[in-house]
Protein chains: 4
Amino acid sequence: MTPSPSLAAAQSQGTNTLAQRYQRVRDATLAWCMDLQPEDTVVQSMPDASPVKWHLAHTTWFFEQFLLGRWQGYRPLHPPWNYLFNSYYQSVGPMHARPQRGLLTRPTLGEVIDYRRHVDQCMRDLLERAGADPELTPLLELGLNHEQQHQELLLTDVKHLFSLNPLKPVFRGRAPMAQEGRTVPLRFLHGREGIVQIGHAGEGFAFDNESPRHRTLLHAHAMANRCVTNAEYRAFVEDGGYRTATLWLSEGWDVVQREQWSGPLYWNEDLQGEFTLAGEREIDAHAPVCHVGFYEADAFARWSGARLPTEAEWESAAQDRAVAGHFADSGALHPLPAHGDPDAPAQLFGDVWEWTSSPYIAYPGYKPEAGALGEYNGKFMCGTWVLRGGSCATPAGHVRATYRNFFHPAARWQFSGIRLGKDA
Amino acid sequence: MTPSPSLAAAQSQGTNTLAQRYQRVRDATLAWCMDLQPEDTVVQSMPDASPVKWHLAHTTWFFEQFLLGRWQGYRPLHPPWNYLFNSYYQSVGPMHARPQRGLLTRPTLGEVIDYRRHVDQCMRDLLERAGADPELTPLLELGLNHEQQHQELLLTDVKHLFSLNPLKPVFRGRAPMAQEGRTVPLRFLHGREGIVQIGHAGEGFAFDNESPRHRTLLHAHAMANRCVTNAEYRAFVEDGGYRTATLWLSEGWDVVQREQWSGPLYWNEDLQGEFTLAGEREIDAHAPVCHVGFYEADAFARWSGARLPTEAEWESAAQDRAVAGHFADSGALHPLPAHGDPDAPAQLFGDVWEWTSSPYIAYPGYKPEAGALGEYNGKFMCGTWVLRGGSCATPAGHVRATYRNFFHPAARWQFSGIRLGKDA
Amino acid sequence: MTPSPSLAAAQSQGTNTLAQRYQRVRDATLAWCMDLQPEDTVVQSMPDASPVKWHLAHTTWFFEQFLLGRWQGYRPLHPPWNYLFNSYYQSVGPMHARPQRGLLTRPTLGEVIDYRRHVDQCMRDLLERAGADPELTPLLELGLNHEQQHQELLLTDVKHLFSLNPLKPVFRGRAPMAQEGRTVPLRFLHGREGIVQIGHAGEGFAFDNESPRHRTLLHAHAMANRCVTNAEYRAFVEDGGYRTATLWLSEGWDVVQREQWSGPLYWNEDLQGEFTLAGEREIDAHAPVCHVGFYEADAFARWSGARLPTEAEWESAAQDRAVAGHFADSGALHPLPAHGDPDAPAQLFGDVWEWTSSPYIAYPGYKPEAGALGEYNGKFMCGTWVLRGGSCATPAGHVRATYRNFFHPAARWQFSGIRLGKDA
Amino acid sequence: MTPSPSLAAAQSQGTNTLAQRYQRVRDATLAWCMDLQPEDTVVQSMPDASPVKWHLAHTTWFFEQFLLGRWQGYRPLHPPWNYLFNSYYQSVGPMHARPQRGLLTRPTLGEVIDYRRHVDQCMRDLLERAGADPELTPLLELGLNHEQQHQELLLTDVKHLFSLNPLKPVFRGRAPMAQEGRTVPLRFLHGREGIVQIGHAGEGFAFDNESPRHRTLLHAHAMANRCVTNAEYRAFVEDGGYRTATLWLSEGWDVVQREQWSGPLYWNEDLQGEFTLAGEREIDAHAPVCHVGFYEADAFARWSGARLPTEAEWESAAQDRAVAGHFADSGALHPLPAHGDPDAPAQLFGDVWEWTSSPYIAYPGYKPEAGALGEYNGKFMCGTWVLRGGSCATPAGHVRATYRNFFHPAARWQFSGIRLGKDA
């Protein structure tokens, strides 16, 4: 396979660094499991989620399948596991049905950790032996970014699982955060107009769905300086937002009725408390609302007399800014209030993924990766909506201005929130 | 209510003409029912479809609700019918659940036809009395275009219903068509590049979702000179198209597996015959393939090394051309082969609705109609894809270059087909 | 096929009489359709119910398949209709799926009535020609009893269909009944004890599931002198019957919760009105409660400190009594209060089918009919419960003391009610 | 609560013995878990099954709720666990939904084992203090028999879980069995006729559903000397048993089609191998077929020209025989061929539960236990069928001639098999 330009770009970094980065990312995944019991790692709480143990094994299989398997002399440690831990790569072979991942009590957590160790050792050997191979680096980068995506999913999947347990377990207790307190007042900031460039090009890793960099036309518009807060969202709920059909997209209203939604996913009925990775907590009025789906983001925007930004509007605002924010590494694992200059956009990165008004489709001229890795993104370009900017569960360094996340409009278990936009 | 500019545009036509047009459109609806038995008009073959009798009553209710009801002195003929025949206008009141429309054996067909007569008489009175009212004309235009949409749905819903009857009833026998025979060879024609204008503005009726007219950026591209034929699509099927996961969007592949699709909706297993409104017929190799969903259109395009056009590409190609083609009035009720100059686009209008690669969302600056009619289009802008150009079941005069139809990606019971596009 | 003893018994009646009886039963079926519109005859309101038109055709097919088809020279009028109107006789060939009977708008009602006329003419010819054939009579009896069963189903299916229409159509208006007024006080009457005989033997028609006549052991018991009234059942509802889990069988409670039951099928929320074949009416406190399922009958009995009678207890009480009562022919099409001597059992026949505590299984020594007719009853001996005595929708003359009706425990659309029993 | 006669009967045994029995039964439960990993104990493979961890906690809760809670001074160790581990006792309070038992990763296995230890200590104290209390013994007996039932369910639930893992884990390896080899030839043995007594009375523990002992009438009949073997059942499969509609009850045939059954639950497609608690093994032609449901047992019997025995026939044959057979304690955890005198009934106890033709309903005069324990059995007397005799997964000493097990007719994950009966 000839690496695509976007992947090849990553090759400038030296081998030693790569081996170190590999180990750091892999260790970080395991570190998230330190507060879990083996029992916590087995269960699949819904078809959209996966067991922690499955995440640990699947990310390992990814390196085995797409890296170790391409260089001579490697044999899979457990050939039957290809079937178990292939997520959705039809080109590579058949796979265990997604909704049944939670039935796999074996291999055990211990066996999966041994598998990780074995593959890590082989990867170290490979990096030593073939680190200079120009094909290797981009695949390694892909594997590490893939692993980071699963680190975030691991957290959101555990949160969902724990939320369904009447004992409301605590994943990790939370220290008081410096950033708490009053947030900045809401303002709309004018955005660029006319033809701009978005999408990835040049140095640095990016997924194929961020390419090619291309021109797009922005109409006159403005975007909020920060995310919608819990207080603002609570006003919507208290104003009967979840009981007013005309605020909603038709399919969203169907979901509200069928699922009996009356607030964000983890809010209590009283609108005062919510379930977090630190257990039940009081809702912070100043923090960004999270665990809302696209349907809710869209209905809230309509109620506000605003709209959601397009992904191009968002990216044009973010592309000149430092990728700084409140990510998983900060330890709060929950979004925090925005602070600072109200005339500069805050929270673009970190805190909550921001729903855009853009359906997730291919960029003009998009070409999926060749081979099985072409299945990574392209085949999901239907029925989902783009989210931007990363969240408090995203590993620092994983996200960038061109990054396109995507989920179904009813999905709420990610740390997803709302930034308002409007026509200027 | 102040009429929106797009509706107000329709007011130049005189009252007499309007009354005549009203009667012509209303009569055309009933004319389609002449070959049906009362029994055929009651049944709902799936939640997406409606009974013919329901179409007849709902379109009448629309005039009663949105026209007669706004001018003084009118009382609904049967107030409880508001509940039965309100389709989805939450602002107007509660409604019968859509999947249960087929339970309404009463009112009978005869009673519904009496209802139509009553409303038609009141409408004639209204047009005589208030025809000069500038608010009236745009609403009348909307009602008539609404009625025409249901004329097409009536045909596709009857076709679906009859297809499920093992007796394979004939809706209307078909005379030999002059246009049959060899189609033109496939060519790709270059499209415009750069900023173009699309969307509706100015004179003539359009739905709110076609507005506002706005600038959009076209990248270099080409578009096929005609629709994909049955022969071309059969080659895809015979090449294992429906058994090759990597050709499909992930959700499309799920549907193929779950519904066990192996060809277009009404094709026989042997790929030689198909069910039509004239009963079982041999598939015409040269006619456009129809009754394929977006998933199939997309998979076929991928198999062809091409893609679907965007709606902007399609509209920029269509906007200078006469709205001529093979519509319902021709009587074939089935698409026909393209003829003529291979270097000019054929079949842009009529024959089959053409799936585009564009999700159905609001245009920049879109504002729904005020009031209940704002529910007509806006709340469906999620989860569906745009189709363009009308079909052999569309009433002549109903469609235009800016017209945006939309259906779910798995929907196949409309006369929907494929035109290929590609990057230039 | 050699006729079974139970069927052969019917042969003593002369041919002329048979032809007359045939015509009377067939005419009675059509007579029930006189108040219906063609539209009413097409729709299937739930999988358990069938369209009226289907009943008319299926009963006709039954004669064609099991009588005309066995004597020389007959060819089915419409061979494809075998597939459409075979209900469940696997031995005879494949069949249209039951839940899709409502999709068959064709053949039309008129065509089905023509089919009936054709088969009636052929049946008259057959009876004239072969009426003395000892095989013919029992099959004819079976066909006529089968037709009578469908007469009752036609009424209950229309009632269900109309109940789902917000217009609440009237099937047939109702004249005041002489029998209304205060019912007799409730008493328990002692039943027989020890070994008794139940089941059919000897002269007269019976279904195979009523055979063989056999000994069974009755324990000391008593049975109520009449059915449970609406007033008595309303007391159960008002006492929180539908909100008290411990009164219910576990699966019954699941249904109560899932379906949100709060009273008999056709009762209004206010417990004052109910839907009947004569439209909405006030509930008659003295009439038997009806449209309750086995789960409700069982819960009511538990709440009453009683139980349901076994089918053997019921039959031993009924077997010496005249088959007199309030059947469909009386025209009320709704149960009426019991009158007369409180020390004699009332309402054993007619008014409402009475749920017993007996699961519907084979009698000791049961042998199904040979051939396809063995599928008539035997294969349903699982999951249903026995009801006895006929209802106000049963044709007079159709029922007898040995008659075993059976429905699923959640089924409520039959005229099914409750008679209490208890240990003595 | 006054203990019922059946429970009171158990009081003759001394306190010391009771404490010892308590410990033995409780230890036996944990012993079955020794080959499991924590991960194996969390997952619920289907709504009918429960996680091992849940079994461990629920049986403990049972002692806490129904014994410790009734004697002074006890406080539940973890009050919120009442909600989690109450199975279905509505009288006691609300409970976690059954299909969501597999979401409870907390409490962990270790915490559950601590809970067991705590309750065991309290139970020892209670037995020492109040062992002479005549109310205590019958409740203790009930608790221990309850625990034994869950021991069997634990095994069948683990088997089901492991069977769904493509790795086909081994629960416990299996030593060669002395009893293997050729089975005895099939013979039918005449049973008693006339009035017999069945049901429990007198000394010794029994569940309330085995009471009262009562007279019942047996018709002339015979019963097979042993269970149906795998070879015999394979002949049925190879004869097209699963493709012949007329062999099946109607609802059974629906299940065969819907679930695509083609053999017993754990058989391979090739009819040669099967999944066992010792992993994949060759099917032993001489061993009893197991993991068939009632529908299959009934269809096999029909194909054989026989029928299933009634529960009264079975009990009258078993009531004079020693409760000897091949139970869980033998270690094979799989049924074994019958040996010995072909004129004596073999395998009545142990090996496989035997489906009878008797729906599970109350015996004449049945009274559920007073209070919450009345929910133990009575509310399930609907929709299930009686099985008799225990299986190779039943703890020795748990079963007796009067014991009534019951499952839905489609249930196959128990060790359930077939003994044929017939009319004499």
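Residues numbered from 1 in each chain as written. Chains lettered and ligands numbered in written order. Predicted model: local features only at pLDDT ≥ 70, side-chain atom pairs only at ≥ 80, totals over all residues. Heavy atoms only, no water.

Which parts of the structure should I look at to understand the pairing of strand β6 (residues 279-282) of chain A?
Strand residues, when the strand is regular, have side chains that alternate between the two faces of the sheet. Residues and elements named next belong to chain A. As paired elements, strand β5 (residues 273-276) and β6 share four bridges and run antiparallel to each other. Counterpart to Phe275 in the pairing with β6 is Glu280. Between β5 and β6, which pair antiparallel and follow one another directly, the connecting turn spans two residues. (Pairing = 2+ DSSP bridges. Helix = DSSP H or I, 4+ residues; strand = E, 2+ residues; numbered from the N terminus.)

Any chance you could explain the sheet that holds strand β1 (residues 188-190) of chain A here in plain terms?
To summarise the sheet geometry, strands pair through backbone hydrogen bonds and adopt either a parallel or an antiparallel arrangement. Residues and elements named next belong to chain A. Strand order in the open sheet made by the three strands is β1-β4-β13, with antiparallel pairing throughout. Two strands in the sheet have a free side with no partner beyond their single neighbour: β1 and β13 (421-423). The sheet shows a mean angle of 30 degrees between the axes of neighbouring strands, taken without regard to direction. Both strand β4 (residues 221-224) and β13 contribute to a ladder of three bridges, which runs antiparallel. Looking at β13, one finds that Met223 is bridged to Gly421. (Axes fitted to C-alpha atoms, helices over the stretch in contact; angles between N-to-C directions.)

Is there a simple way to think about the relation of the copies chain C and chain B in this case?
There are two copies of the chain, and a rotation about an axis plus a shift along that axis relates them. Between chain C and chain B, which share one sequence, the superposing operator has a rotation angle of 180 degrees and an axial displacement of 0.0 Å; the RMSD is 0.0 Å. Classification of the inter-copy transformation places it as that of a two-fold axis. Of every C-alpha in chain C, the one belonging to Glu39(C) sits nearest the axis of rotation, 2.6 Å from it. Mapped onto chain B, 100% of the interface residues of chain C again fall at the interface, so both copies present the same surface. (Least-squares fit on C-alpha atoms with pLDDT ≥ 70 in both. Contact = heavy atoms within 4.5 Å.)

I tried to follow the pattern of salt bridges on my own but got confused; where do I start?
Where charged atoms from two side chains of opposite charge approach closely, those side chains can pair. With the rule as written, the count across this model stands at 88 salt bridges over all chains. Residues Arg307(A) and Asp423(A) are paired through a salt bridge, measuring 2.9 Å at the closest nitrogen-oxygen approach. Residue Arg307(A) is located in the loop between α9 (294-303) and α10 (311-318), and its partner Asp423(A) is located in strand β13; the two are separated by 116 residues in the primary sequence. Residue classification places Arg307(A) among the partly exposed residues on the basis of a relative accessible area of 22%. Judged by relative accessible area, Asp423(A) falls into the partly exposed class, the value being 34%. Across the pair Glu141(B) and Arg21(B) runs a salt bridge whose closest N-O atoms are separated by 2.8 Å. Of this pair, Glu141(B) sits in helix α6 (residues 136-163) while Arg21(B) sits in helix α2 (residues 15-32); the two residues are 120 residues apart in sequence, bridging distant segments of the chain. (Salt bridge = Lys/Arg side-chain N within 4 Å of Asp/Glu carboxyl O. Buried < 20%, exposed > 50% of the residue type's maximum accessible area, 1.4 Å probe, protein only.)

What exactly am I supposed to notice about the interface of chain D and chain A here?
Where the parts come together, the accessible area they lose is often given as the size of the interface. Taken together, the contact between chain D and chain A spans 32 residues of the former and 32 residues of the latter. Of the roughly 2300 Å² buried where chain D meets chain A, counting both sides, 68% is carbon and sulfur surface. On the chain D side of the interface with chain A, the three residues burying the most area are Glu39(D), Leu103(D) and Arg106(D), jointly 31% of the side's total. Our count for the chain D to chain A interface comes out at two salt bridges. For the salt bridge of Arg106(D) with Asp40(A), the shortest nitrogen-to-oxygen distance reads 2.6 Å. Our enumeration of links across chain D and chain A arrives at eight residue pairs in polar contact (both at pLDDT 80 or more). Mapped by element, the contributors of at least two residues to the side of chain D that touches chain A are α4 (81-85), α5 (109-130) and α6 (136-163) of chain D. (Buried area = accessible area lost by both parts, 1.4 Å probe. Polar contact = N/O pair within 3.5 Å; in protein donor to acceptor, adjacent residues only side chain to side chain.)

Don't take any of this as a statement about function, it's just geometry.
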